[in-house]
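Residue strings, one per chain:
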Amino acid sequence: MTSTDPLAPRLPSPLEELADDRFSRQGLRLLLKRDDLIHPELIGNKWRKLVPSIEAARGRALVTFGGAYSNHLRATAAAGRLLGLPTTGVVRGQELAGRPLNPSLSRCAADGMRLHFVDRSTYRHKSEPETLAAILRAAGAEGAYVVPEGGSNAEAVRGCRALGEELRDRADVVAVACGTGGTLAGLAAGLGTGQRALGIPVLKGGFLAGDVQALQERAFGARTGLWSLDDRFHFGGYARTTDALDAFAEDFERRHGLPVERLYVAKLLYGLVALAEEGAFARGTSVAAVVTGRPFPGPAPTA
């Protein structure tokens, strides 16, 4: 079995209180759960979700899926380099095959990941057995251990339960940005009585509640914990931002000296500020925001 020592984490990740008048004037406390400090290359929830799959793979090559800006693809490629495991990334968008790689995919390739591009229609059906088998054959990855898009499988959900356990009795509401829903599914299961988890989806479509419940049913046998979603803060969908979101993130960085990752963390923090100003949280509530990533490209954190 492959040793995962090069992936040794800093756990539990720090929990920091921020003084932010947008919360304090509503009688709220804002805390940051700094999962971006867990590991220098497998950032935040990527470590929590990916390591259980690596252990389940028992030394086999890994194949996984993502878009052109996927944090999950980069994390898988980095893990492969650190552990000496072959990795293949199936990338959504056949049209990208003939273009220069963007910085995110360039990092994957530099870490040794073989990239295989598929058309978007095929990608949408990748979970169907016949389509998956065809993709694996075409990618030369038939014997590899398949990690789903975003790393969200039952192993990952059970791994993310530890995030909730680390936050028991530390906050009333724990909020996290959601892509495929695996982190929220595990987080909610790990929280204690009276705590609730709030997911801020970064994709539009309103489909995530069913996915989160299905993940919990596969991991734990039933819907678990108290959780909900607010779909209003996706800013147009995955990997999309607006001038308003960029301005918000830049202001947050100036206020607190914390680099803000745009695709997930900025949308989470924006949503929490909006909810605070709407009076969505009762006075006296402590709100913890899970910082699941940091800007790419960028230096490793020093904190």
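Residues numbered from 1 in each chain as written. Predicted model: local features only at pLDDT ≥ 70, side-chain atom pairs only at ≥ 80, totals over all residues. Heavy atoms only, no water.

## So, the packing of helix α2 (residues 45-57) against helix α7 (residues 154-166)
Each pair of packed helices gets described by two things: the angle between the helix axes and the distance between those axes.
Moving on, step 1. Relative to each other, α2 and α7 sit at 140°, their axes nearing to 7 Å. Accordingly, the angle class assigned to the pair α2 and α7 is oblique. Considering how the two elements wind past one another, α2 and α7 form a crossing that is right-handed. For the pair α2 and α7, contact is made by Arg48, Lys49 and Pro52 and by Glu155, Ala156, Gly159, Cys160, Ala162, Leu163 and Glu166, respectively.
Moving on, step 2. Of the residues belonging to the contact of α2 with α7, the class tally is five nonpolar, one polar and four charged. (Axes fitted to C-alpha atoms, helices over the stretch in contact; angles between N-to-C directions. Helix = DSSP H or I, 4+ residues; strand = E, 2+ residues; numbered from the N terminus. Parallel < 35°, antiparallel > 145°, perpendicular 65-115°, else oblique. Left-handed = near helix turned anticlockwise from the far one by under 90°. Contact = heavy atoms within 4.5 Å. Nonpolar A, V, L, I, M, F, W, Y, C, P; charged D, E, K, R; others polar.)

## What to know about the layout of surface pockets
Moving on, step 1. In this model, the largest pocket occupies a volume close to 1,300 Å³.
Moving on, step 2. Lining the largest pocket are 47 residues, and of these Arg92, Tyr123, Lys126, Glu149 and Thr180 lie nearest its centre.
Moving on, step 3. Within the residue set of the lining of the largest pocket, elements represented by two or more residues are α2, β3 (62-66), α3 (71-83), α5 (120-124), β7 (173-178), α8 (182-190) and α9 (208-220).
Moving on, step 4. Broken down by element, the lining of the largest pocket gets its largest block of residues, four residues, from α9.
Moving on, step 5. Here the residues of the lining of the largest pocket sort into 19 nonpolar, 17 polar and eleven charged. (1 Å grid on protein atoms, 1.4 Å probe; cavity = no way out; pocket = protein on both sides within 12 Å on 5 of 7 lines; lining within 4 Å. Points joined across faces, edges and corners; volume = space filled by probe spheres on them.)

## Structural notes on the pattern of salt bridges
Moving on, step 1. Counted by the stated rule, this structure contains 23 salt bridges.
Moving on, step 2. Of the charged contacts, one joins glutamate 95 and arginine 120 as a salt bridge, the two residues approaching to 2.7 Å between their closest N and O atoms. Separated by 25 residues along the polypeptide, glutamate 95 in the loop between β4 (87-92) and α4 (103-110) and arginine 120 in helix α5 bring together distant segments of the chain.
Moving on, step 3. Judged by its relative accessible area of 35%, glutamate 95 is partly exposed.
Moving on, step 4. On the basis of relative accessible area, arginine 120 is assigned to the partly exposed category, the value being 39%.
Moving on, step 5. Here glutamate 253 makes a salt bridge to arginine 262, at a shortest N to O gap of 3.2 Å. (Salt bridge = Lys/Arg side-chain N within 4 Å of Asp/Glu carboxyl O. Buried < 20%, exposed > 50% of the residue type's maximum accessible area, 1.4 Å probe, protein only.)

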